[in-house]
Amino acid sequence: MAFQKAVKGTILVGGGALATVLGLSQFTHYRRKQMNLAYVEAADCVTEMVNREPPSREAQLLTLQNTSEFDILVIGGGATGSGCALYAVTRGLKTALVERDDFSSGTSSRSTKLIHGGVRYLQKAIMKLDIEQYRMVKEALHERANLLEIAPHLSSALPIMLPVYKWWQLPYYWVGIKLYDLVAGSNCLKSSYVLSKSKALEHFPMLQKDKLVGAIVYYDGQHNDARMNLAIALTAARYGAATANYMEVVSLLKKTDPRTGKERVSGARCKDVLTGKEFDVRAKCVINATGPFTDAVRKMDDKGAADICQPSAGVHIVMPGYYSPESMGLLDPATSDGRVIFFLPWQKMTIAGTTDTPTGITHHPIPSEEDINFILNEVRNYLSCDVEVRRGDVLAAWSGIRPLVTDPKSADTQSISRNHVVDVSDCGLITIAGGKWTTYRSMAEDTVDTAVKVHNLRAGSSRTVGLYLQGGKDWSPTLYIRLVQDYGLESEVAQHLATTYGDKAFEVAKMASVTGKRWPIVGVRLVSEFPYIEAEEELQTAKKFLYYEMGYKSRSEQLTDRSEINLLPSDIDRYKKRFHKFDADQKGFITIVDVQRVLESIHVQMDENTLHEILNEVDLNKNGQVELNEFLQLMSAVQKGSVSGSRLAILMKTAEENLDGRALIPVDRSCGGL
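Residues numbered from 1 in each chain as written. Predicted model: local features only at pLDDT ≥ 70, side-chain atom pairs only at ≥ 80, totals over all residues. Heavy atoms only, no water.

### A short note on the overall build of the chain
Looking only at helices and strands, the chain has 21 helices and 22 strands in total. Burial statistics for the chain: of 674 residues in total, 58% are counted as buried. Surface summary for the chain: the accessible area is close to 28900 Å², and the carbon and sulfur share equals 53%. (Helix = DSSP H or I, 4+ residues; strand = E, 2+ residues; numbered from the N terminus. Buried < 20%, exposed > 50% of the residue type's maximum accessible area, 1.4 Å probe, protein only. Areas by Shrake-Rupley, 256 points an atom, 1.4 Å probe, with all protein chains shown as cover.)

See the structure below:
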């Protein structure tokens, strides 16, 4: 195989080788029922937006079936695949994009939510005099600036603190961060600066104080990765790309090139996952942008192709917002095993991650307890001993599979560069692998440029630098005020819609249900504490997604019928008395009726379905009632910290205090129901 090094990646030619609520936000993907325009024929040459709104999924499927031949068919609807489709269609190429699941349902929605050049990659570039790492950082900083410009509603600058605990490290890190600013040049978001110990603690009061000598603050970008991916795909569709989710590629089509007599990839056999219907989509060029599944598609072309993708699991956890300041993140540059951990504010919560461990490939990766506990231990190292870091404070967790490009014999995924590789097989299949979220656009540029050259496609010039993504063009920081004034939405809900949908927020507001209250007029919240409203969600599917892929299943497993009771005799007596205030008949268990009776006596009303959910969380043997032993198991887990925020524990404690004549206290100040 011949290797050709390129500034923006590596091009391989020839051979045949190659959230809680946070989850609800992440789950808001490219849903087929959200689009409702008629079928349009695939455009031969697109230089301007052809659809004010994307056609419906059904219309897109007709376009895929009825178009005799596309210039480019992209397989994979993550950031890279969607970026390839947008880059290709805006260059005037007849483009198709298919995705087996939802757009951004995989790795692209499971990131650290950062748009960054990579401080640690710059460190490696300097320490090892590695020009390729330097170029990657330089490119990423350029792409960071572009992404912040073209999707201002989904991205913003974020200050990140690097705490320093040794005096000699202060000038060392300061020089490194200043070099990061210098490499960014005119794309520097804001200049980095040094903080004294007292100022660092003022910004981040929960920080470990002992031996702290100061901190350095630098700026990177933060974005809503799932929505950003969706915006790219929607923009491609509006420019005329035929895009469809739930379309699985089951095999590649091939035909003999009459000029050379060689077999060439000429499209794909696609299966509609929703109906089971199969049909062929023909194209002059097929691009494989399937992330962790890169090698599976390559083997459809050549069964003997050697693996080039070494998957690595990146686990993140979501913790309560009080674990970090609202507007500043934290970077741990050297964890106990040499990894980097970020600690970032996100939608009123705190994200901590990530891990970097070799893993197998699966459609639905699940975070392991080992990885979750690793992150918790690293968080403990950086927070004050006054802050008790508990397993029960993990509100959600997710695992994303990074498609790292490496020698398959390598066992150390930490040293692998996130730079990308473009491969062209003997049969003309173009594969893009590796890379990072921030550089999706330049990866798409390298990939499509290679496709144009290899397949002799006629294309216009590049247009994606500075091209606004869906929702970005007419967005402004004050757009939410119009939503409040025009539709009667709560301010918090309006801000959420504006920063999620940009200038398309008005269309969501039009679908919002009337609340039946004087204020807000419209916008029924799904959960009272968060601004997500019924007009956005497929609720039952979202709940299933949260349970299996956002750590809820793992969280529920912290309390099982095998959980031990480790309580002092005095605590057992105290909790028995609390239990018997509900079990007035001394049955040994409580039901919804018992809870309703107590709530009515203190003039509190609660929906029966909600009560059922609350009791079901503690009904470990699922017999429709909560027994005394189950209640003691719950309280033991709450004391130990493996369970927090139990609604039944909080409800019973609050009711007991009211029955005893004490003032009713808010549940968020009730110590978890102890």
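### A few points about a nonpolar patch on the surface
Together, Met-127, Trp-168 and Tyr-172 give the surface a local cluster of nonpolar side chains, amounting to about 380 Å² of exposed area. Counting through the fold element by element, Trp-168 comes out in the loop between β6 (155-164) and α6 (169-184). What makes Trp-168 exposed here is its relative accessible area of 55%. (Patch = residues over 30% accessible without salt bridge, like charges linked within 9 Å, V, L, I, M, F, W, Y side chains within 5 Å. Salt bridge = Lys/Arg side-chain N within 4 Å of Asp/Glu carboxyl O.)

### Regarding helix α19 (residues 608-616)
Listing the buried residues of α19 in full gives Leu-611, Ile-614 and Leu-615. Taken end-on, α19 shows its buried residues confined to a sector of 95°, consistent with a single buried face. (Arc of directions from axis to C-beta.)

### Thoughts on the packing of helix α3 (residues 79-89) against helix α8 (residues 225-238)
Two elements in contact, α3 and α8, have axes whose closest approach is 8 Å; the angle formed by their N-to-C orientations is 30°. Here α3 is positioned roughly parallel relative to α8, judged by the angle of their axes. The chirality of how α3 crosses α8 is left-handed. Counted together, Ala-79, Ser-82, Gly-83, Ala-85, Leu-86 and Val-89 of α3 and Asn-229, Ile-232, Ala-233, Thr-235 and Ala-236 of α8 form the full contact between these two elements. Along the lines of polarity and charge, the residues of the contact of α3 with α8 split into seven nonpolar, four polar and no charged. (Axes fitted to C-alpha atoms, helices over the stretch in contact; angles between N-to-C directions. Parallel < 35°, antiparallel > 145°, perpendicular 65-115°, else oblique. Left-handed = near helix turned anticlockwise from the far one by under 90°. Contact = heavy atoms within 4.5 Å. Nonpolar A, V, L, I, M, F, W, Y, C, P; charged D, E, K, R; others polar.)

### Comments concerning the UniProt feature "domain: EF-hand" (unreviewed entry) in the chain
Under the UniProt annotation, "domain: EF-hand" (unreviewed entry) lies at residues 570-605 and 606-641. Helix makes up 64% of residues 570-605 and strand 6%. Its end C-alpha atoms lie 32 Å apart. Secondary structure content for residues 606-641 is 61% helix and 6% strand, and the end C-alpha separation is 27 Å. (UniProt positions renumbered as here; feature names shortened; annotations may be inferred.)

### Comments concerning the packing of aromatic side chains
Taken as a whole and judged by the stated rule, the model has 11 aromatic pairs. With centroids separated by 6.3 Å and ring planes inclined at 45°, the aromatic side chains of Tyr-487 and Phe-506 adopt a geometry described as tilted. Remark: Phe-506 occurs in helix α14 (residues 505-511) and Tyr-487 occurs in helix α12 (residues 479-487); sequence separation between them is 19 residues. Overall, the relative accessible area of 22% leaves Tyr-487 in the partly exposed class. Here Phe-506 falls in the buried class, since its relative accessible area comes to 14%. (Phe/Tyr/Trp six-rings, centres within 6.5 Å; stacked < 30°, edge-to-face > 60°.)

### Here we look at the pattern of salt bridges
The full count for this structure, using the stated rule, is 31 salt bridges. The closest approach of N and O atoms between Arg-574 and Asp-571, which form a salt bridge, is 2.9 Å. One end of the pair is Arg-574 and the other is Asp-571, both in helix α17 (residues 569-582) and three residues apart, which spans about a single turn. The class for Asp-571 is buried, based on a relative accessible area of 11%. Ionic pairing is found between Arg-647 and Glu-617, a salt bridge with its closest N-O pair at 2.7 Å. With Arg-647 in helix α21 (residues 647-659) and Glu-617 in the loop between α19 and β22 (626-627), the pair connects residues that are 30 residues apart, well separated along the chain. Residue Arg-647 is classed as partly exposed on the basis of its relative accessible area of 32%. Here Glu-617 falls in the partly exposed class, since its relative accessible area comes to 41%. Through salt bridges that share partners, Arg-269, Glu-278, Asp-280 and Arg-282 make up one connected network.

### Thoughts on helix α4 (residues 119-127)
Those residues of α4 not exposed but buried are Tyr-121, Leu-122, Lys-124 and Ala-125. Down the axis of α4, the buried side of the element spans an arc of 160°, and every buried residue falls inside it. In the core, the buried residues of α4 are packed alongside α5 (131-150) and α6. Note on α4: the residue one or two positions beyond its end, Leu-129, has a positive phi of about 50°.

### Topic: the nonpolar core
One finds Ile-72, Val-74, Ile-287, Tyr-440, Val-448 and Leu-469 to be the most contacted residues of the largest nonpolar core, which totals 42 residues. Of all the elements in the fold, those that place two or more residues in this core are β3 (70-75), α3, α5, α8, β12 (278-288), β19 (420-424), β20 (430-434) and α11 (440-454). Per-element tally for this core: the top contributor is α3, with seven residues. Beyond its immediate sequence surroundings of up to four residues, Val-448 is in contact with Ile-72, Cys-84, Tyr-87, Ala-88, Arg-91, Leu-93 and Ile-287. Residues Leu-201, Met-328, Leu-330 and Leu-376 belong to the second largest nonpolar core, which totals 29 residues. (Core = buried A, V, L, I, M, F, W, Y, C linked by side-chain atoms within 4.5 Å.)

### Regarding the side chain of Gln-625
By the secondary structure assignment, Gln-625 is in the loop between α19 and β22. Every residue in contact with Gln-625, bar those within four places of it in the chain, is listed here: Phe-589, Ile-590, Thr-591, Asp-619 and Glu-630.

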